[in-house]
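# Structure at a glance
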There are 2 protein chains.
Amino acid sequence: MYTCEIISVGTELLLGDILNTDEQFLSRKLASMGIAVLHRSSVGDNRERLAEEIRRALTRSDIVITSGGLGPTPDDLTKEVCCEVMDCPLVEHKDQSEKIRRYFEKKGMDMPESNLKQAMLPADCTVLENDNGTAPGGVIEKNGKCVIFLPGPPKELVPMFTDQAKPVLAKYSSGAIVSHSIRTMEIGESALAELAGDHMDSPNPTVAPYAKDGEALLRITASAESAEKAEELCRPVIDGLVKKIGKYVYGVDYDSIQQRVVELLRENNKKLAIAESCTAGYTAKRLTDIPGASAVFDCGIISYSNEVKMNLLGVSEVTLKKYGAVSSQTACEMAEGVRRLAKADLGISMTGVAGPGSDSEDKPAGLIYIAISDGTKTVWEKLNTGKTNDREYNRYVSASRALNLVRKYFEKII
Amino acid sequence: MYTCEIISVGTELLLGDILNTDEQFLSRKLASMGIAVLHRSSVGDNRERLAEEIRRALTRSDIVITSGGLGPTPDDLTKEVCCEVMDCPLVEHKDQSEKIRRYFEKKGMDMPESNLKQAMLPADCTVLENDNGTAPGGVIEKNGKCVIFLPGPPKELVPMFTDQAKPVLAKYSSGAIVSHSIRTMEIGESALAELAGDHMDSPNPTVAPYAKDGEALLRITASAESAEKAEELCRPVIDGLVKKIGKYVYGVDYDSIQQRVVELLRENNKKLAIAESCTAGYTAKRLTDIPGASAVFDCGIISYSNEVKMNLLGVSEVTLKKYGAVSSQTACEMAEGVRRLAKADLGISMTGVAGPGSDSEDKPAGLIYIAISDGTKTVWEKLNTGKTNDREYNRYVSASRALNLVRKYFEKII
């Protein structure tokens, strides 16, 4: 098995200004390719220390991947140090300088001369194009060792690794690891593990529960000599688990509930409208994270006051006075109101106390009502997250659960 | 200045199963105490490699902090290795074995014998009590070097460091480090560094540029014997920089543009309404991330189709036919339309192509129009992010820039 080390570069890391998510991303990807990560480290923008770190890593491992330090400023020196250690001269790559120039032109900005530094690359390397920034990456292979330098920002590193570095690394890969996720809502991690029963003890594939942001998932991971063989090991286990877990499952290998909801709306040729109070746009934002959501969604109302709830959504003054804005009654009238206003097939709504804190004792932060209406029936649910001090969580989970109502509607669970 | 290294222990880290937040937490705390973090690393549960790592760190630095590997299972060996390297015998601490026994009793569980391993601690060490788990930590000080071992779970590490390790470390603290951020928009990282000029070479405070999500910031960091002295060093530099950078600055030490915008709206006692097309709720979501935003915002319209733009916002059919939905004209009518509908003082809007890809050649993904209206004048801006394939970025930046319009409105730059 080939071994790899990851070196993250940047004084900002050592100061704790930035959370290093690149390391985890790379570790996970390398593990899934059957390349063993032996060691990871973070060093500052310091030439000697970085060179020493790369040299030491190369004595222990076959592959070294660096992230960060490819910017245009003088303290960005990862590429230079990689070249020094690998004894590779840096030369200007004309196509890259052209590309950087065009990048700035397109943005209608003048290119600072310092950016040309980013077009200086090892004479003999595989260039990794950067479609999300100006710093290209590269792969230097020499004397049986491989050094890969990647930009630091995750938005640049992730696609560069996935689309370009991974294929280059394929020759170092030993066997295949395949992983799938069963995603669920409205059930906790431990209850999920209990439902999964004996499957939890399976050695290959392994089954592991994870909890995140109001959801729980089971990750099924198999290793075998080929991806096909690993898939074959997974399949019966996934089928068995989905059957056992039943209505809590919103999908296998979905990225998010919104992905499932857009798919269901498209399949059923239905349009959704959204009325948001406490979430204030979060639900619509997440639904429209999915490209093509415009086919199933075109109207959202953010009604952050009683006036807007009445004037735009037609919630009755009596309801608001009698039950308050945070009530099942208001949620139901909002859902039906937005459906009618938008001339949509389905309307969903969420109204609650996001926090931190609450003005009212009987309506604590974390208390949220959500509803769905199709014009004939309206169904509501009450959530209480118990988190009185986590505004983001309360808003996130409200949106998730309201979207899950749409899933349950189509699956006829409600 | 004393130097420190952080070593994270656990094969699960190298597999990417866990995001290492301990490192960032410790780095930040140490920086604020004036202890320089020189190096960080992650190693697996491997006795030789961990010993080698600690030894090497001690040749370079005064202090080594480890996290993780204090559990009851045989692969948890951090404490043993720390003792080996520091030449300190492990002995049973009776008070700790009692404590662990009580911990299990309280949970109504039998204590597995293996847990007693956690009561074995260096003969001569400062014990760090664990009130959130069973593994105590410790501080070994010998021959001018200091090794601190902490448990891995953040819920145990964070309070243990804050309440117990930090006081022990106080004697290594050299004054204070203070850091401030000047946050800007509409200017790139390198152009910002060029504007900053000579300040970039300042040794104390240091000035460093960072780019993130369509923004650029300068971080000003000073170290001195006290926080007050460090602040004194920062102040003139910050003032000088803010003057030089001028209109691009949206704030010093703000977390986000929305924080600044909510503040400006409150100060000016004005209400904002938001009409969103491509961002579809993202702008309102971000504005309402700020607790108390309801005082300045109560109505948002997500108009993801021409019909909704006409019917709810009053955008004219002629405008949509002649210029299209993605045009300055539509953006202006949306901003004024939502302002009127919401009876607000200001209306902002964003309409554009988020991508990935575009249906029309002359309107590529990343082309966005934003506008602001106060009922007497309407001002628009055209953005072209150049990112045809990054939906999230295009939407994020549209929201940011529209919010920045509100800032520029109050600062009379537009």
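Residues numbered from 1 in each chain as written. Chains lettered and ligands numbered in written order. Predicted model: local features only at pLDDT ≥ 70, side-chain atom pairs only at ≥ 80, totals over all residues.

Tallying secondary structure elements over chain A gives 14 helices and 17 strands in all. Expressed as lengths along the three principal axes of its C-alpha atoms, the size of chain A is roughly 80 × 55 × 40 Å. Within chain A, the proportion of its 414 residues that are buried is 49%. (Helix = DSSP H or I, 4+ residues; strand = E, 2+ residues; numbered from the N terminus. Buried ≥ 20, exposed ≤ 12 C-beta atoms within 10 Å, placed from the backbone.)

With that out of the way, let us pick up the pairing of strand β8 (residues 145–150) of chain B. Across a regular strand the side chains alternate sides, sitting on one face of the sheet and then on the other. All names here are of chain B. Of all 6 residues making up β8, 5 are buried, and the element is well covered by its neighbours. Note: strand β3 (residues 63–67) against β8, 5 bridges, orientation parallel. The residue of β8 that forms the bridge with isoleucine 63 is cysteine 146. Examined bridge by bridge, strand β7 (residues 137–142) and β8 share 5 bridges and lie antiparallel to one another. Bridging from a neighbouring strand, glycine 138 pairs with phenylalanine 149 of β8. Once β7 ends, the chain turns through 2 residues before running back antiparallel as β8, passing asparagine 143 with a positive phi of about 50°. (Pairing = 2+ DSSP bridges.)

Time to look at unusual backbone geometry. Cis geometry marks the peptide bond from glycine 355 of chain A to proline 356 of chain A; its omega dihedral reads 0°. Among the structural elements, proline 356 of chain A can be located in the loop between β15 (346–352) and β16 (367–373). Here the amide bond leading from asparagine 204 of chain B into proline 205 of chain B is cis, since omega sits at 5°, within 30 degrees of zero. One non-glycine residue with positive phi stands out, namely aspartate 87 of chain A, at about 55°. Take aspartate 87 of chain A: there are 9 C-beta atoms within 10 Å of it, and that puts it in the exposed class. Despite not being glycine, asparagine 269 of chain B has its phi angle at roughly 55°, a positive value. Note on placement: asparagine 269 of chain B falls in the loop between α9 (257–267) and β13 (272–276).

Turning our attention to the nonpolar core. Within the largest apolar cluster, 194 residues are counted, with the highest numbers of intra-cluster contacts made by Leu272, Ile348 and Ile370 of chain A together with Leu272, Ile348 and Ile370 of chain B. Residues in contact with leucine 272 of chain B, not counting those within four places in the same chain, are Leu265, Val296, Phe297, Ala344, Leu346, Ile348 and Val406 of chain B. With 43 residues, the next largest nonpolar core counts Ile63, Ala135 and Met160 of chain A together with Leu13 of chain B among its residues. (Core = buried A, V, L, I, M, F, W, Y, C linked by C-beta atoms within 7 Å. Contact = placed C-beta atoms within 7 Å.)

What follows is about the environment of glutamine 258 of chain B. Residues and elements named next belong to chain B. Inspection of the secondary structure puts glutamine 258 in helix α9. Residue class for glutamine 258 comes out buried when judged on the 22 C-beta atoms lying within 10 Å of it. Considered as a pair, glutamine 258 and arginine 56 are 202 residues apart in the sequence and their alpha carbons are 46 Å apart. Every residue in contact with glutamine 258, bar those within four places of it in the chain, is listed here: Arg286, Leu287, Asp289, Ile290 and Leu403.

The mixed open sheet is built from 10 strands, whose spatial order is β17(A)-β16(A)-β15(A)-β13(A)-β14(A)-β14(B)-β13(B)-β15(B)-β16(B)-β17(B). Edge strands, defined here as strands with exactly one partner in the open sheet, are β17 (378–384) of chain A together with β17 (378–384) of chain B. Pairwise comparison of adjacent strand axes, ignoring direction, gives a mean angle of 15° for this sheet. (Axes fitted to C-alpha atoms, helices over the stretch in contact; angles between N-to-C directions.)

Structurally, chain A comprises domain 1 (3–172), domain 2 (176–252) and domain 3 (257–410). Distance between the C-alpha centres of domain 1 of chain A and domain 3 of chain A: 44 Å. (Domains from an automatic or database assignment.)

Below, the discussion takes up the interface of chain A and chain B. If you look at the interface, chain A gives 51 residues, while chain B gives 50 residues. The greatest single-element share of the side of chain A that touches chain B, amounting to 7 residues, is contributed by strand β14 (residues 297–303) of chain A. Strand direction decides the pairing type here: strand β2 (residues 36–43) of chain A and strand β2 (residues 36–43) of chain B, joined by 5 bridges, are antiparallel. Counterpart to serine 41 of chain A in the pairing with β2 of chain B is serine 41 of chain B.

Here we come to helix α3 (residues 47–60) of chain A. Residue and element names in this part refer to chain A. The end-to-end C-alpha distance of α3, which contains 14 residues, comes to 21 Å, matching closely the 20 Å that a straight helix rising 1.5 Å per residue would cover. Of all the residues in α3, the buried ones are Leu50, Glu53, Ile54 and Ala57. The buried side chains of α3 occupy one side of the element, clustering within an arc of 95° when seen end-on. Across α3 from its buried face, at more than 90 degrees, point the exposed residues Glu48 and Thr59. Contacts made by the buried residues of α3 are with β1 (3–9), β2, β3 (63–67) and α4 (78–86). (Expected span 1.5 Å × (residues − 1). Arc of directions from axis to C-beta.)

Before going further, it helps to examine the packing of α3 of chain A against α4 of chain A. Residue and element names in this part refer to chain A. Closest axis-to-axis distance for the α3/α4 pair is 10 Å, and the angle between their directions is 50°. Classed by the angle they form, the pair α3 and α4 counts as oblique. Note that α3 runs across α4; the crossing there is right-handed. Here Arg47, Leu50, Ala51, Ile54 and Arg55 of α3 lie close against α4, whose contacting residues are Thr78, Val81, Cys82, Glu84 and Val85. Partitioning the contact of α3 with α4 into residue classes produces 6 nonpolar, 1 polar and 3 charged. (Parallel < 35°, antiparallel > 145°, perpendicular 65-115°, else oblique. Left-handed = near helix turned anticlockwise from the far one by under 90°. Nonpolar A, V, L, I, M, F, W, Y, C, P; charged D, E, K, R; others polar.)

All names here are of chain A. Taken in spatial order, the 4 strands make up an open sheet running β10-β11-β9-β12, and their pairing is antiparallel. Of all strands in the sheet, those with a lone pairing partner are β10 (206–212) and β12 (249–252), marking the two edges. Across the sheet, the mean angle from the axis of one strand to that of its neighbour is 20°, orientation sign disregarded. Helix α7 (residues 189–196) contacts β9 (176–185), β10 and β11 (215–224) of the sheet and is inclined by roughly 155° relative to β10.

This part takes up α9 of chain B. The periodicity of an α-helix, 3.6 residues per turn, causes residues three or four places apart in sequence to face the same way. Turning to α9 of chain B, its buried residues number three or more, namely Ile257, Gln258, Gln259, Arg260, Val261, Val262 and Leu265 of chain B. Looking one or two residues past α9 of chain B, asparagine 269 of chain B carries a phi angle of roughly 55°, positive in sign.

Quick look at the pairing of β16 of chain A now. Residues and elements named next belong to chain A. β16 sits mainly inside the fold: 7 of its 7 residues count as buried. Burial along β16 is two-sided: the residues Leu367, Tyr369, Ala371 and Ser373 and Ile368, Ile370 and Ile372 are all buried. As paired elements, β15 and β16 share 6 bridges and run antiparallel to each other. Of the residues in β16, the one forming a bridge with isoleucine 348 is isoleucine 372.

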